[in-house]
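Okay, here's what each chain looks like letter by letter:
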Amino acid sequence: MEQTVLEVKNLTVSFHTEKGVITPVNGVWLRVPAGKIVGVVGESGCGKSMTARAIMGLIKFPGKVTGGEILLDGRNIAVLPEKQRRALRGAEISMIFQEPMTSLNPVVKVGRQVDEAVRLHTHCTRAEAKRKTLEMFREVEIPEPETRYNCYPHQLSGGLRQRVMIAMAMICRPRLLIADEPTTALDVTVEAQILKLLEKLRDGGTSVLLISHNLGVIARTCDEVSVMYAGRIVEHGETAALFEKPLHPYTRGLLRSVASLRAGGETLQTIPGVVPNLLHLSKGCAFSLRCGQCGADCEQNAPEFREIAPGHFARCFRTEKEGEE
Ligand SMILES: Nc1ncnc2c1ncn2[C@@H]1O[C@H](COP(=O)(O)OP(=O)(O)OP(=O)(O)O)[C@@H](O)[C@H]1O
Ligand SMILES: [Mg+2]
């Protein structure tokens, strides 16, 4: 049995708003095996970033983790006090974001910022921290690391800034790297380079949770994929199996929308209907409002997350009718 670095069980995040309680993360299940890249894909607003923040312990008031477990190497970190959670961040679990500029201090040289990350978690001299930073800059393939060490963030390209962020995230050799849309702000050539770098880190033993709304990015990079819809994981499988034989109507809809673009179609074939209002979720399947295969049972009961084929899970009553839409 392969080792599991991260296992998220039934994770729930709720917000108390003036209009009522909304649950953007609603019983999420995720598993990241050691040395694998697992993707999380879904439309804007489905709860991907909120899930990542909950794993990091970074949900801000009025949001709150209201249920579930977050197991890091088998230990439930969801129950740890804030001080211990903080010690894990950057050391055991790190996160990088879409726009590195928002996470970097504009008035401090980037090398110094990575040094600070080293010194936050390890007792070492300034000279040792600098040596580690330069070593990591080389590992993430920043050209001329000594020169770049003394640059301010605005003096670097978007791709180099993202490499600096990855260096900072990786400097303490975390067990898990969460990358939330790490290439969305970059052009396609630089995107390809950053994805290659994530694969290199994976091959070096770091497990990666890669969040993206871009199926192309997921297909190219991930070993396994979880598909998210309205705060729930609706399908999970190995990448090849999921793309070849998608089980959930939502996944099939996502794949069709990409296929129509590839075929040169001018308009993206979207999935009909609207994303459900999180304030008024029905008791049935959240996708029933948009699903071409929806029956009366789907509106009445929420399907369980079931293993349909070995390692391939879906939350749908209609998986066996695949391809008959
Ligand atoms: N402060 C808040 N109060 C209430 N609801 C919020 C708050 N922040 C986010 N939400 C809701 O949480 C849901 C999930 O948001 P999240 O940022 O996780 O989506 P996402 O999948 O990362 O989307 P994107 O692809 O656009 O980044 C959204 O529907 C949003 O409306
Ligand atoms: Mg997001």
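The preceding data block contains the structure.
Residues numbered from 1 in each chain as written. Chains lettered and ligands numbered in written order. Predicted model: local features only at pLDDT ≥ 70, side-chain atom pairs only at ≥ 80, totals over all residues. Heavy atoms only, no water.

Asker: Explain the overall build of the protein to me, using residue names and the numbers behind them.
Answerer: For the protein, the helix and strand inventory stands at 12 helices and 12 strands. Taking 2.2 N^0.38 as the reference for a compact globule, 325 residues should give roughly 20 Å; the C-alpha atoms of the protein span a radius of gyration of 21 Å, in line with that estimate. Each of the three principal axes of the protein carries a C-alpha extent, and together these read 65 × 50 × 45 Å. Per-residue burial over the protein gives 50% buried out of 325 residues. In the protein, once contacts between residues fewer than 6 apart in sequence are set aside, the share between residues at least 24 apart is 64%. (Helix = DSSP H or I, 4+ residues; strand = E, 2+ residues; numbered from the N terminus. Rg over C-alpha atoms; globule rule 2.2 N^0.38 Å. Buried < 20%, exposed > 50% of the residue type's maximum accessible area, 1.4 Å probe, protein only. Contact = heavy atoms within 4.5 Å.)

Asker: Pulling in residues and values, what's your account of the pattern of salt bridges?
Answerer: Where charged atoms from two side chains of opposite charge come close, those side chains can pair. With the rule as written, the count across this model stands at 15 salt bridges. With a shortest N-O distance of 3.2 Å, Glu-146 and Arg-138 are connected by a salt bridge. Given the relative accessible area of 45%, Arg-138 is considered partly exposed. Among the ionic pairs, Glu-139 bridges to Arg-173, the shortest N-O distance being 2.6 Å. Of this pair, Glu-139 sits in helix α5 (residues 126-139) while Arg-173 sits in the loop between α7 (158-170) and β7 (176-180); the two residues are 34 residues apart in sequence, bridging distant segments of the chain. With a relative accessible area of 24%, Glu-139 lands in the partly exposed category. (Salt bridge = Lys/Arg side-chain N within 4 Å of Asp/Glu carboxyl O.)

Asker: Describe the packing of α7 against helix α8 (residues 188-203), and please don't skip the residues or the numbers.
Answerer: Contact geometry of α7 with α8 gives a least axis separation of 10 Å together with a crossing angle of 15 degrees. Classed by the angle they form, the pair α7 and α8 counts as roughly parallel. For α7 against α8, the interelement crossing comes out right-handed. Along the contact surface, α7 presents Gly-159, Gln-162, Arg-163, Ile-166 and Met-170, while α8 presents Val-190, Gln-193, Ile-194, Leu-197 and Leu-201. Residues of the contact of α7 with α8, tallied by class, amount to six nonpolar, three polar and one charged. (Axes fitted to C-alpha atoms, helices over the stretch in contact; angles between N-to-C directions. Parallel < 35°, antiparallel > 145°, perpendicular 65-115°, else oblique. Left-handed = near helix turned anticlockwise from the far one by under 90°. Nonpolar A, V, L, I, M, F, W, Y, C, P; charged D, E, K, R; others polar.)

Asker: Could you give me a rundown of the nonpolar core, with the residues and numbers involved?
Answerer: With 55 residues, the main nonpolar core has Phe-137, Val-164, Ile-166, Leu-210, Val-227 and Tyr-250 as its most contacted residues. Broken down by element, the residue count for this core peaks at eight residues, all from α7. Beyond its immediate sequence surroundings of up to four residues, Val-164 is in contact with Leu-104, Val-110, Val-114, Phe-137, Ile-142 and Leu-156. The next biggest cluster of nonpolar side chains, apart from the first, holds 34 residues, and it includes Ile-22, Ala-52, Ile-55 and Ile-178. (Core = buried A, V, L, I, M, F, W, Y, C linked by side-chain atoms within 4.5 Å.)

Asker: Describe the pairing of strand β6 (residues 93-96), naming the residues involved and giving the relevant values.
Answerer: Burial along β6 is two-sided: the face carrying Ile-93 and Met-95 and the face carrying Ser-94 and Ile-96 are both buried. Where β6 meets β7, four bridges bridge the pair, whose relative direction is parallel. The residue of β7 that forms the bridge with Ile-93 is Leu-176. (Pairing = 2+ DSSP bridges.)

Asker: Before we move on, could you go through the sheet that holds β6 and cite the residues and values that matter?
Answerer: Taking strand neighbours across the sheet as the criterion, the eight strands line up as β6-β7-β8-β3-β9-β10-β12-β11 in an open arrangement whose pairing is mixed. Where the open sheet ends on each side, the last strands, each with one partner, are β6 and β11 (306-309). Direction aside, neighbouring strands of the sheet carry axes that sit 20 degrees apart on average. Sheet strands in contact with α7 are β6 and β7, and its direction is about 170 degrees off that of β6.

Asker: Explain the sheet that holds strand β2 (residues 20-33) residue by residue, including any values.
Answerer: Read from one edge to the other, the open sheet built from four strands follows the order β2-β1-β4-β5, with strand pairing classed as antiparallel. In this open sheet, the two edge strands, each paired with only one partner strand, are β2 and β5 (75-76). Here strand β1 (residues 4-17) pairs with β2 via 10 bridges, running antiparallel. Note on β2: the bridge partner recorded for Leu-6 is Val-32. Set on the sheet, helix α1 (residues 48-56) makes contact with β1, β2 and β4 (63-72); between it and β1 the angle comes to about 110 degrees.

Asker: Quick rundown of α1? Include the residues and the values.
Answerer: Taken together, the buried positions of α1 are Lys-48, Thr-51, Ala-52, Ala-54, Ile-55 and Met-56. Gly-57, located one to two residues past α1, shows a positive phi value of around 80 degrees.

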